[in-house]
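Listed here are the chains, written in short residue letters.
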Amino acid sequence: MQYCQKNQQKYPKLCVYWLGPFLPLVSTSDVEAIRQLLLRTEEPKCMVYSYFIPWIGMGLVLLTGEKWKRHRRMLTPAFHLDILKGYLSVFNEVSNNLI
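This one's a predicted model, so the numbers in the text were calculated from it and none came from an experiment.

About the criteria used
Residues numbered from 1 in each chain as written. Predicted model: local features only at pLDDT ≥ 70, side-chain atom pairs only at ≥ 80, totals over all residues. Heavy atoms only, no water. Helix = DSSP H or I, 4+ residues; strand = E, 2+ residues; numbered from the N terminus. Buried < 20%, exposed > 50% of the residue type's maximum accessible area, 1.4 Å probe, protein only. Contact = heavy atoms within 4.5 Å. Lys, Arg positive; Asp, Glu negative; His and termini not counted. Charge placed at Lys NZ, Arg CZ, Asp CG, Glu CD. Salt bridge = Lys/Arg side-chain N within 4 Å of Asp/Glu carboxyl O. Polar contact = N/O pair within 3.5 Å; in protein donor to acceptor, adjacent residues only side chain to side chain. Pairing = 2+ DSSP bridges. Patch = residues over 30% accessible without salt bridge, like charges linked within 9 Å, V, L, I, M, F, W, Y side chains within 5 Å. Areas by Shrake-Rupley, 256 points an atom, 1.4 Å probe, with all protein chains shown as cover. pLDDT = per-residue confidence, 0-100.

**Thoughts on the overall build of the protein chain**
Consideration 1: Secondary structure assignment for the protein chain yields 6 helices and 2 strands.
Consideration 2: Secondary structure elements of the protein chain occur, N-terminal to C-terminal, as α-β-β-α-α-α-α-α.
Consideration 3: Expressed as lengths along the three principal axes of its C-alpha atoms, the size of the protein chain is roughly 45 × 40 × 25 Å.
Consideration 4: Burial status across the protein chain gives 7% buried among its 99 residues.
Consideration 5: Within the protein chain, counting contacts between residues at least 6 apart in sequence, those at least 24 apart form 14% of the total.
Consideration 6: Across the protein chain, 12 positive and 7 negative side-chain charges occur, with their mean positions spaced 4 Å apart.

**What about the pattern of salt bridges?**
Consideration 1: Throughout the structure, instances matching the rule amount to 2 salt bridges.
Consideration 2: With its nearest N and O atoms 2.7 Å apart, the salt bridge here joins glutamate 32 to arginine 35. Note that glutamate 32 and arginine 35 are positioned in helix α2 (residues 31-39) at a spacing of 3 residues, about one turn of the helix.
Consideration 3: On the basis of relative accessibility, which here comes to 42%, the residue arginine 35 falls in the partly exposed class.

**Considerations on the environment of serine 95**
Consideration 1: Residue placement: serine 95 occurs in helix α6 (residues 88-98).
Consideration 2: For serine 95, a relative accessible area of 35% gives the class partly exposed.
Consideration 3: Distance in space between the C-alpha atoms of serine 95 and asparagine 7 is 27 Å, their sequence separation being 88 residues.
Consideration 4: Within the local environment of serine 95, its side chain forms a polar contact with the backbone oxygen of phenylalanine 91, the two atoms lying 2.7 Å apart.

**Observations concerning the pairing of strand β2 (residues 23-28)**
Consideration 1: Sheet topology note: the strand β1 (residues 14-19)/β2 ladder contains 6 bridges and is antiparallel. Following the sheet pairing, valine 16 is matched in β2 by valine 26.

**Focus: a nonpolar patch on the surface**
Consideration 1: A cluster of nonpolar side chains, namely Ile83, Tyr87, Leu88, Val90, Phe91, Val94 and Leu98, defines an oily patch on the protein surface of about 700 Å² accessible area.
Consideration 2: Tracing the sequence through the fold places leucine 88 in helix α6.
Consideration 3: The class of leucine 88 is partly exposed, set by a relative accessible area of 49%.

**A closer look at the environment of leucine 60**
Consideration 1: Within the secondary structure, leucine 60 is located in the loop between α3 (53-56) and α4 (65-75).
Consideration 2: Here the alpha-carbon distance between leucine 60 and asparagine 7, two residues 53 residues apart in the chain, equals 30 Å.

**Some points on the confidence of the model for the protein chain**
Consideration 1: Scored by pLDDT, the protein chain has a mean of 80; 91% of the residues are at 70 or more.
Consideration 2: Least confident of the elements in the protein chain is helix α1 (residues 2-10), whose mean pLDDT is 75; most confident is α6, at 90.

Here you go:
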């Protein structure tokens, strides 16, 4: 764990860890990199995602192509800034409880 923390401090925007010889784990705090990864629909998801199907099902995270676009269009209005503003006090209260 200390290794991960040191690397995250040394490379705050993007850091790669290897879980065995074949499985890279990418860690990033760069908003633009996260946005690009989440908006990509043309490439299939990594096979590692298939392990999460029993827990999260075949939702937005695992879908690709037209199905992903359709689901994304349905969810987008729920995350509009005007709707999220109504939850700001709840977010602040829960955050304070965690601290």
